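# Descriptive analysis of the structure
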Amino acid sequence: MTQHPDTPNGASSPSTSAKDCQVFVGTSGYSYTEWVDNGFYPAGTKAANMLPLYARSFSIVELNYTWYQMARAEAVARMAAKAPDHFLFAAKLTRTLTHEREGGLREQLRLYREGIEPLGPRLAAVLVQLPPDFTRTTDNRRYLAALLDGLDGLPTAVEFRHVSWAVDPVFAELERRRISLVTVDIPTLPNLFPPLDVVTNPDLFYVRFHGRNLAGWRSANMQKKFDYNYSKGELHEWTTTRLQALASHAKKGIIFFNNHVRAQAPGNARELSRIIEQGS
Amino acid sequence: MTAMFRERAIIHFNVTDFAVSVERIVDNALRRRPVIIAPFQAARAVVYDMSEEAFGCGVHKGMPLSRATRLCPGATVLPPRPDIYRRAMRAFLGQVQSYSPRIEHGMVDGHIFVDVTGTHRLFGPAPDIGLRVRRQVRNGLGINPIWSLAGNKLVAKVASRLVKPTGEYIVGSGEEEEFLAPLPLPLLPGLSPEEVRRLRDFNLIRIGQLARLSRQQLMVPFGNRSDFLYAASRGIDSSPIAAGDSRAASLAFEHVFADDTNDEKELAGIAASLAAKAGRELRTRRQAARRVEIQIAYADGIRSAGRATSRRGTGSDFILRKLARQALQRALTRRIRVRNCRLFCSLLERESPQLPLFPEAAGPEIRQEKTCAALDSIRSRFGHAIIQSGRVQ
């Protein structure tokens, strides 16, 4: 892995086979009031000033507000202008296309593409996160195919939450389409999609750390679900096992921490970056 | 610990066509059919609420029903049932109350403002609350509210106006002015139609055009409204979320006439009686009101309101009666018979414990106060109707 010259948290690969892979580490979302309370942002930081401050520590962010509401070009452009030129964005696909599928796929996709257009070449990936009840049925396979057709031309990554999708034909189809399968770090639960190091797109691997809070995950309370602090040991172990495998099969990798509660995500992201740099 | 300014997070929930949405929960067959709600037994009934489909045909609130049914002949017309709308509103509020105690809402209009500032440690990011409430209300009650999130009520309200009939809108902190700038001026809450007309005379069509003007420039044509226009056009609004019903900061009393009447004496008598009830309630709460509003509903469904304001807050029957009389005179604009009369006391404040500096000069007031106290004590034992006041002609 090579370090991007301008980026604070690009990192180099610990392995020879992965030495050409450029890795970017960041967090899922950056606008959390809680991160002011927990000291990641200086006291009194207003939401409007968070992105420039975040960009001092990280070179990539996963936008999650595009999941809550359809991306709107003028707001996305204003936000992107606040980050330095080298800064990259991954944008989560709107929930009306993944979680609340109520028709109008083509129109929704058109709006989404229009909305994220201002990101231009700074768009690292569109994240299609599918809900746990989206199982591998014929209808859902058709739906996903139509959705991915609609995203054609955009760098895309798919995160499954249901285990039924963890089969070779799915990986083969993603490979054919050059779409990244998201590698998750998640508690072990019977029906959850497992942590795998399968790379389906040689251009990009995509990792999401959700935390390993088993009880929180069952509680359905977001503040408990994503309340987890990875230890140095856990991050070291992950780097030597999973990251090696991923980085040796792709040119670029993006890694996000979603355990936003009590600003654990930025802490863990910094720690992982240090580990990767030390190992290079 | 030092107190620190915290950016506010206000969520506005709105169920469009609330009455129609509730009727559709009660009767599923009404879905996908145009619906008009109006008291059709009244001779000249007007539209109380209508569905999106009826609105699409040109029907709007306050329109005579005869015209509405001509415009939308296929519509199902139902009489308003405020009781079930109130019940639905209570259930809707119940869902929101688990996230914040700071809630402001209308009576049965489907609007709720919630201040979720500082709740992130319990419930996570504010957009998640918006989404969860919507999901719960949709699954539990079958109605689908719009929600918007912004740093204040004004911007949140504009945002939800943009996404009707369904959807959501998040306005990022610091983006208020840019968000408002391209929007047409009538979307700005708090502007009177007259002000919109005047602004149009100055060739100001969009909110951003208004925001380019300085306070001094606005002062000449708009006088004391210039501060409001200056702040609102920039998305500045520091008004707090008033806990509870937005009318909870008011007292309301109602009288429905057994037979519709246009007898001015009878109407004045009822207004005075309602004022006395309000006075007693105010004195019990140790509050004083500065404004009395009379709302009347004519037999044909048309409503009219009049207000009277006093410089000092009062809980005295004598002054409240005078204000009620003035308000009634302002509300009575037609010769049609009146069906009901409501009295609201608002601009409530705490009763001042200050005694008069020169008691001899405040003689009549003290006498009136004593009379009120005597009336209260009699009524507390024998009921309100046991003793009435009257006017000597």
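This write-up is about the structure you can find in this document. All residue numbers refer to positions counted from 1 along the written sequence of the respective chain. Throughout, the order in which chains and ligands are written sets their labels, letters from A for the former and numbers from 1 for the latter. At least 70 in pLDDT is required for a residue's local features to be given in this predicted model, at least 80 for side-chain atom pairs to be given and counted, and no such filter applies to totals for whole chains, interfaces and linings, which use all residues. To obtain the side-chain values, all non-hydrogen atoms of the structure were used and water was disregarded.

This brings us to the pairing of strand β11 (residues 287-298) of chain B. All names here are of chain B. For the exposure calls, accessible area comes from a 1.4 Å probe over protein chains only, and a residue counts as buried if that area is under 20% of its type's maximum, exposed if over 50%, partly exposed in between. Helix and strand definitions follow DSSP, with helices as H or I runs of at least four residues and strands as E runs of at least two, each counted in order from the N terminus. Of all twelve residues that make up β11, nine are buried, and the element is covered over most of its length. Here, strands pair whenever DSSP counts at least two bridges between them. Sheet analysis places β11 next to strand β13 (residues 338-350), joined by eleven bridges and oriented antiparallel. Each residue of the ladder has a partner; that of Ile 294, found in β13, is Leu 343. As judged from the eight bridges shared by β11 and strand β12 (residues 303-314), these two strands associate in the antiparallel manner. Bridged to Val 292 within β12 is Ala 308. Hairpin connection of β11 to β12: four residues between the antiparallel strands, including Gly 301 at a positive phi of 95°.

Time to look at the sheet that holds β12(B). Residue and element names in this part refer to chain B. Strand order in this open sheet of four strands is β10-β13-β11-β12, and the pairing throughout is antiparallel. In this open sheet, the two strands that pair with only one neighbour each are β10 (251-261) and β12. Mean inter-strand twist for the sheet, computed between neighbouring axes without regard to direction, equals 15°. The criterion used for residue contact is that any of the two residues' heavy atoms lie within 4.5 Å. Fitted lines through C-alpha atoms serve as axes, helices being fitted only where they are in contact, and the angles separating the N-to-C directions of these axes extend from 0 to 180 degrees. Across the sheet, helix α13 (residues 264-285) touches β10, β11, β12 and β13, and the angle it forms with β10 is around 160°.

All names here are of chain A. Burial analysis of strand β8 (residues 205-209) places five of its five residues in the buried class, which makes it a mostly covered element. Examined bridge by bridge, β8 and strand β9 (residues 252-257) share five bridges and lie parallel to one another. Its bridge partner lying in β9, Phe 205 is registered against Gly 253.

Residue and element names in this part refer to chain A. Within the sequence span of helix α8 (residues 168-177), burial applies to Val 170, Phe 171 and Leu 174. For α8, the angular spread of buried residues about the axis comes to 95°, placing them on one side. Relative to its buried face, α8 has exposed residues pointing more than 90 degrees away, namely Asp 168, Pro 169 and Arg 176. Once α8 finishes, Arg 178 follows within two positions and takes phi at roughly 55°, a positive value. Summarising the geometry, the arc corresponds to the directions from the helix axis toward the C-beta atoms.

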